[in-house]
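An overview of the molecular structure
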Amino acid sequence: MMAQTHRLTEEEGQRLVEIARAALEAGVRGAPLPPVPPDLPPRLWEPGAAFVTLRTRADGRLRGCIGSIVATRPLVEDVRAHAIDAALHDPRFPPVTPPELPGLALEVSYLTPLAPLAYRSPEELLEKLRPHVDGVLLRDGWRQATFLPQVWQSLPRPVDFLTHLCLKMGAEPTCWQRPLEVFTYQAQGFQEPGYWEAD
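Model, not experiment: these values are computed from the prediction.

One non-glycine residue with positive phi stands out, namely His132, at about 70°. By secondary structure assignment, the location of His132 is in the loop between α3 (122–128) and β5 (135–140).

Structure below.
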C-alpha cells in the first residue's frame, strides 16, 4: 500500500481532478488555461509526479494517458500539463476534439517515488511483483516503459503484465526474462463520476 506520508486526502485528490478537467477543456478548445484557484491546498504546490488517463464513459475505452514518473515541478502544474498532453499528444491516438469532451471521464493518478526492485532470476521477479498494488517501470538502456497499478485489472497475471510491458517498451515480449532495471511505485487514483473501471 502507499505509505501514509505520500497519500493525498480525498479533498486534495478531487481538487486535482477538477483542475485537470479545466485544463483538458481549455486545451482541447484552444482556450487559455484558467488560473489555478487561490485556495488550493499547499500540499498540491509541492513537487509531485502524476498521470492523467482519459476513458470513454460509454465503454471505458482508453482515449489517452500521459504522465511523469519523477517529480520535477509542483504537482498541480504536472497534472495540468498532463491533462492537455493526454488529450492532444498521446501518439497512440488522434487528438481529442471538442465534441468528444462530454463523453470522456478522467482519472488523476498520484505516484510515490520509484523504488528499485532487486531480483536474481525471472522467477524471483515474478514472485516479488504485487498485483493490484505496484506500478512497474522497466528500463533497458535508453528504453523504458511503465504500467500503472490500474493495468493489473486487465492483465492480472504477472507473466502477461511483464510481457505487455516489454512490448510497450518496444522490446521483445520476453525481455523481462533477462537482466533489466526494474522499479516499482504505488499510485492513488482519483476519478471523475462516470469513469469506467474493469471489474
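Another aspect to go through is the sheet that holds β5. Ordered by their spatial adjacency, four strands build an open sheet running β4-β7-β5-β6, and the pairing between neighbours is antiparallel. Of all the strands in the sheet, just β4 (115–116) and β6 (143–147) have a single pairing partner and so form its edges. Direction of pairing for β4 relative to strand β7 (residues 181–185): antiparallel, over a ladder of two bridges. Bridge pairing links Pro116 to Phe183 in β7. With respect to the sheet, helix α4 (residues 158–168) is in contact with β5 and β6, its orientation differing from that of β6 by roughly 135°.

Reading guide: rules and limits
Residues numbered from 1 in each chain as written. Predicted model: local features only at pLDDT ≥ 70, side-chain atom pairs only at ≥ 80, totals over all residues. Heavy atoms only, no water. Helix = DSSP H or I, 4+ residues; strand = E, 2+ residues; numbered from the N terminus. Pairing = 2+ DSSP bridges. Contact = heavy atoms within 4.5 Å. Axes fitted to C-alpha atoms, helices over the stretch in contact; angles between N-to-C directions.

None of the figures reported here should be taken as evidence of function without further support.
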